[in-house]
Amino acid sequence: QVQLVESGGGLVQAGGSLKLSCAASGNIFKINTMGWYRQAPGKQRDLVALITTGGSTNYADSVSGRFTISRDNAKNTVYLQMNSLKPEDTAVYYCYLQRVGWSKDWGQGTQVTVSA
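Let me begin by describing the structure that accompanies this report. (Residues numbered from 1 in each chain as written. Predicted model: local features only at pLDDT ≥ 70, side-chain atom pairs only at ≥ 80, totals over all residues. Heavy atoms only, no water.)

A word on the overall build of the chain
To keep things clear, this is the line we draw: In DSSP terms, a helix is any run of H or I states spanning at least four residues, a strand is any run of E spanning at least two, and both are numbered starting from the N terminus. Our radius of gyration is a C-alpha quantity, and the globule rule it is checked against amounts to 2.2 Å times the number of residues to the power 0.38.
In terms of helices and strands, the chain carries zero helices and eleven strands. Going from the N terminus to the C terminus, the chain shows its helices and strands as β-β-β-β-β-β-β-β-β-β-β. A compact globule built from 116 residues would reach a C-alpha radius of gyration of about 13 Å, and the chain, at 13 Å, matches this within 12%. The dimensions of the chain, computed from C-alpha atoms along their principal axes, are 40 × 25 × 20 Å.

Let's talk about the pairing of strand β11 (residues 110–115)
The condition that has to hold: Buried means the residue's accessible area, taken with a 1.4 Å probe over protein chains only, is under 20% of the maximum for its type, while exposed means over 50%, and partly exposed covers the values in between. Strands pair, by our definition, only if DSSP identifies at least two bridges between them.
Only one face of β11 is covered, namely the one carrying T110, V112 and V114; the face carrying Q111, T113 and S115 has none of its residues buried. Both strand β2 (residues 10–13) and β11 contribute to a ladder of four bridges, which runs parallel. Paired with G10 across the two strands is V112, which belongs to β11. The sheet contact formed by strand β9 (residues 91–99) and β11 spans three bridges and is antiparallel.

A look at the environment of D105
Which entries qualify depends on this criterion: Contact between two residues is taken to exist if any of their heavy atoms lie within 4.5 Å; hydrogens are not considered. Polar contact criterion, stated in full: a pair of N or O atoms within 3.5 Å, where within protein one must be able to donate a hydrogen and the other to accept it, and residues adjacent in sequence count only if both atoms are side-chain atoms.
Relative to the assigned elements, D105 resides in strand β10 (residues 105–106). Under the relative-accessibility criterion, D105 is labelled buried at 18%. On a C-alpha basis, the gap between D105 and L4 in space is 7.8 Å, while along the polypeptide they are 101 residues apart. For D105, the residues in contact, after removing those within four places along its chain, are V2, L4, C95, Y96, L97 and R99. A distance of 3.1 Å separates a polar atom in the side chain of D105 from a polar atom in the side chain of R99.

Focus on unusual backbone geometry
Phi angles above zero are rare outside glycine, and K30 is one such case at about 45 degrees. With respect to the secondary-structure elements, K30 resides in the loop between β3 (18–26) and β4 (31–39). Using a relative accessible area of 61% as the deciding quantity, one classes K30 as exposed. Unlike most non-glycine residues, S84 shows phi in positive territory, near 50 degrees. Overall, S84 belongs to the partly exposed group, its relative accessible area being 41%.

Here's what the structure looks like:
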């Protein structure tokens, strides 16, 4: 079993910054990717960014150039630095971990609210 604990969400004004963290523990092996999804009210959960064990990254077009994902493999922790936040970034952000041959494990979610 894998546990993912997120932190760093909150309320920020448009143009501001937040940094999310997600620490993984438990039965961690053969980690492939870690990353973040987000879900706004009434919308589906969409990928925000992911990072592989080797450090390759991928971003949603809507956040590219504003968000940066990073990873500390020794600590099994993934980070999401969010800059130039916009009201449309408001959502619950979910951390995930993908092990080779396994379905995704999910965190509990952290609320990010960006006021205009």
